[in-house]
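What follows is the residue order along each chain.
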Amino acid sequence: MTFEFFNVPRILFGRGQLARLPDLVPSSARAFLVYNGSDILAERVEAAMKRPAAARFRQRGEPTVDDIDRALAAAREHRCDFVLGAGGGSAIDAAKAVAGLLSNGGGATDYMEIVGKGHKIARPAVPWIAIPTTAGTGAEVTRNAVIGWPAKKFKASLRSEMLMASAALIDPDLHVDVPPNVTASSGMDALCQCIEAYVSTGANALTDPIAVRGVELAGRYLKRAYDDGSDLEAREGMALAALFSGIALTNAGLGAVHGFAAPLGANFPVPHGTACGLLLPLVIEANVSAARQVPEGGALLQKHEAVGRALGEREGSGFQTCADLARHLNLPKLSQFGVAEADIEPMVQLAKRASSMRYNPVRLDDGALSKLLRGAL
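The notes below deal with the structure included here.

The rules behind the values
Along each chain, the written sequence defines residue order, and numbers are assigned to residues from 1. Local features in this predicted model are restricted to residues of pLDDT 70 or higher, and side-chain atom pairs are both shown and tallied only at a pLDDT of 80 or more, whereas totals for entire chains, interfaces and linings draw on every residue. Values shown for side chains rest on all heavy atoms present in the structure; no hydrogens or waters enter the calculation. Only DSSP runs of H or I with at least four residues qualify as helices, and only runs of E with at least two residues qualify as strands; both kinds are numbered from the N terminus onward. The quantity called the radius of gyration is restricted to C-alpha atoms. Its globule counterpart is 2.2 Å times the number of residues to the power 0.38. Under the scheme applied here, a residue whose accessible area is under 20% of the maximum for its type counts as buried, over 50% as exposed, and between as partly exposed, the area being computed with a 1.4 Å probe on protein chains only. In this analysis, two residues are considered to be in contact whenever any of their non-hydrogen atoms come within 4.5 Å of each other. All accessibility values rest on the Shrake-Rupley procedure with a 1.4 Å probe; residue burial counts only the protein chains present in the view. Counting rule for charge: Lys and Arg are taken as positive, Asp and Glu as negative, and neither His nor the chain ends is counted. For this purpose, a charge sits on NZ of Lys, CZ of Arg, CG of Asp or CD of Glu. Between N or O atoms, a polar contact is any pair within 3.5 Å; within protein, one atom must be a potential hydrogen donor and the other a potential acceptor, and residues adjacent in sequence are included only when both atoms are from side chains. Each reported salt bridge corresponds to a side-chain nitrogen of Lys or Arg within 4 Å of a carboxyl oxygen of Asp or Glu. Axis definition: a line fit to C-alpha positions, over the contact stretch in the case of helices; interaxial angles, taken between N-to-C directions, run 0 to 180 degrees. For a crossing to be left-handed, the near helix must be turned anticlockwise from the far one by less than a right angle; the clockwise case is right-handed. For this classification, the nonpolar set comprises Ala, Val, Leu, Ile, Met, Phe, Trp, Tyr, Cys and Pro, the charged set comprises Asp, Glu, Lys and Arg, and every other residue, Gly included, is treated as polar. One bridge is not enough; two strands pair if DSSP finds at least two bridges between them.

## Structural notes on the overall build of the protein
Argument step 1. In terms of helices and strands, the protein carries 14 helices and eight strands.
Argument step 2. Radius of gyration (C-alpha) of the protein: 19 Å, near the 21 Å computed for a compact globule of 377 residues.
Argument step 3. A principal-axis box enclosing the C-alpha atoms of the protein has dimensions of 60 × 45 × 45 Å.
Argument step 4. Within the protein, the proportion of its 377 residues that are buried is 60%.
Argument step 5. For the protein, the share of sequence-separated contacts (at least 6 apart) that also reach a separation of at least 24 residues comes to 77%.
Argument step 6. Split by element, the accessible area of the protein, about 15,100 Å² in all, is 50% carbon and sulfur.
Argument step 7. In the protein, 39 side chains carry a positive charge and 39 a negative one; their mean positions are 3 Å apart.

So this is what it looks like as structure tokens:
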């Protein structure tokens, strides 16, 4: 057995942890604050820091190459040497990219995988802190920043362990105002990431227990957090599930769900977590079906039985619980975002290029990929 394990050097988790922000930001730092949502969040972070940021950048929607380059220009103009990312995964990924580019030079497309120049990130990012306000992507502990390039109709990553945050500050008190639809979408992303990382070809002895625990937490608390956003026990449980999902995916990889989520999000206005939640039960079904056809599929079937148990199923692969969750959370179908039958083949071809697809535990041919995407329409 051989594996590497990456994680941020410091994680602060729990209610009220935002108050510890002054201990993490040097008094001499010129902080650049990237945030999404309302200005109230930025003001709350600055109040906790006990001073204003040198400059702010509000990230609207999932980050694109233009967003990153505009944010980077602002950070350079204000001579910032420290970055704060507060909000959902979009804000944290944008902050991560800015922190990395401040120290490495150039722009977003110079380092993007697949569609960019793919230059290696050679220097550690400037110090930065991730402060998630949603329980979903786990971006606070991952080593990649997902960026869209609309002209290429694709989303890809800047990826390096040198991009990892100096600290992740996870305070469930910041999650209580997240609306139900965002709770649903982000929560399904966290659950999906735990499941995909657990069955991934990159899974190892250290990621497996983390991923399974994340599945248990999401299975127990996602409905509760969606039904009652003020349920702090549920918010805390989901914040922990998202954290575990980020640790697991950055070390084990993902799979076909995220292989599809990237091109879908780049070409249609479908929220990332919504795409994941719709596709997750369908990919589970396809992977289990493929595993049953080959002699070496037994290990994958055993893992899916463990997923089912973690979700409370007496027997099963996790398919039924994930399908029931998607219905309970009222996830809209892909057709509501403009995805049509004619888009299936182009999306399949783009998904096959996505970095996540290579970690799927079985090979799914074009017919299987088309069938599962059609099921999410």
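Once you've had a look at it, read on.
## Brief notes about the side chain of Lys 96
Argument step 1. You can see Lys 96 is positioned in helix 4 (residues 89-104).
Argument step 2. Of note is the side chain of Lys 96, whose polar atom sits 2.6 Å from the side chain of Thr 142.

## Section: the pattern of salt bridges
Two side chains of opposite charge can pair, provided their charged atoms sit close to one another.
Argument step 1. With the rule as written, the count across this model stands at 14 salt bridges.
Argument step 2. The shortest N-O distance in the salt bridge between Arg 213 and Glu 216 comes to 3.1 Å. With Arg 213 and Glu 216 both in helix 7 (residues 207-227) and three residues apart, the pair spans about one turn of that helix.
Argument step 3. For Glu 216, a relative accessible area of 27% puts it in the partly exposed group.
Argument step 4. Of the charged contacts, one joins Glu 341 and Arg 374 as a salt bridge, the two residues approaching to 2.9 Å between their closest N and O atoms. Residue Glu 341 is found in the loop between helix 12 (319-328) and helix 13 (344-353), and its partner Arg 374 is found in helix 14 (residues 366-375); the two are separated by 33 residues along the sequence.
Argument step 5. Look at Arg 374 and you get partly exposed, because its relative accessible area is 39%.
Argument step 6. Within this structure, Arg 224, Asp 231 and Glu 233 form a network of salt bridges that share partners.

## Here's the deal with unusual backbone geometry
Argument step 1. Even without being glycine, Lys 153 reaches a positive phi, approximately 55°.
Argument step 2. Within the secondary structure, Lys 153 is located in the loop between strand 6 (144-149) and strand 7 (154-159).
Argument step 3. One non-glycine residue with positive phi stands out, namely Asn 330, at about 55°.
Argument step 4. Positionally, Asn 330 belongs in the loop between helix 12 and helix 13.

## Points about the packing of helix 10 (residues 272-291) against helix 14
Argument step 1. Relative orientation of the contacting elements helix 10 and helix 14 amounts to 150°, with a least axis distance of 9 Å. The crossing of helix 10 and helix 14 is right-handed. Across from Leu 279, Leu 282, Val 283 and Ala 286 in helix 10, the residues of helix 14 making contact are Leu 372, Leu 373 and Gly 375.
Argument step 2. When grouped by side-chain class, the residues that make up the contact of helix 10 with helix 14 number six nonpolar, one polar and no charged.

## Focus: the sheet that holds strand 3 (residues 55-58)
Argument step 1. An order of 1-8-5-4-2-3 is seen for the six strands of this open sheet, with the pairing classed as parallel. The sheet is open, and its two edges are formed by strand 1 (11-13) and strand 3, each paired on a single side. Pairs of neighbouring strands in the sheet enclose a mean axial angle of 15°, with direction left out of account.
Argument step 2. In the sheet, strand 4 (residues 82-87) pairs with strand 5 (residues 128-132) via five bridges, with the strands oriented parallel. Opposite Gly 87, over in strand 5, you have Pro 132 as the bridge partner.

## With respect to the environment of Gly 338
Argument step 1. Topologically, Gly 338 is positioned in the loop between helix 12 and helix 13.
Argument step 2. By relative accessible area, which is 45% here, Gly 338 ends up partly exposed.
Argument step 3. When the C-alpha atoms of Gly 338 and Pro 361 are compared, they prove to be 30 Å apart, with 23 residues separating the residues in sequence.
Argument step 4. Among all residues touching Gly 338, those that are not within four sequence positions of it are Phe 268 and Asp 343.

These figures capture arrangement, not role.
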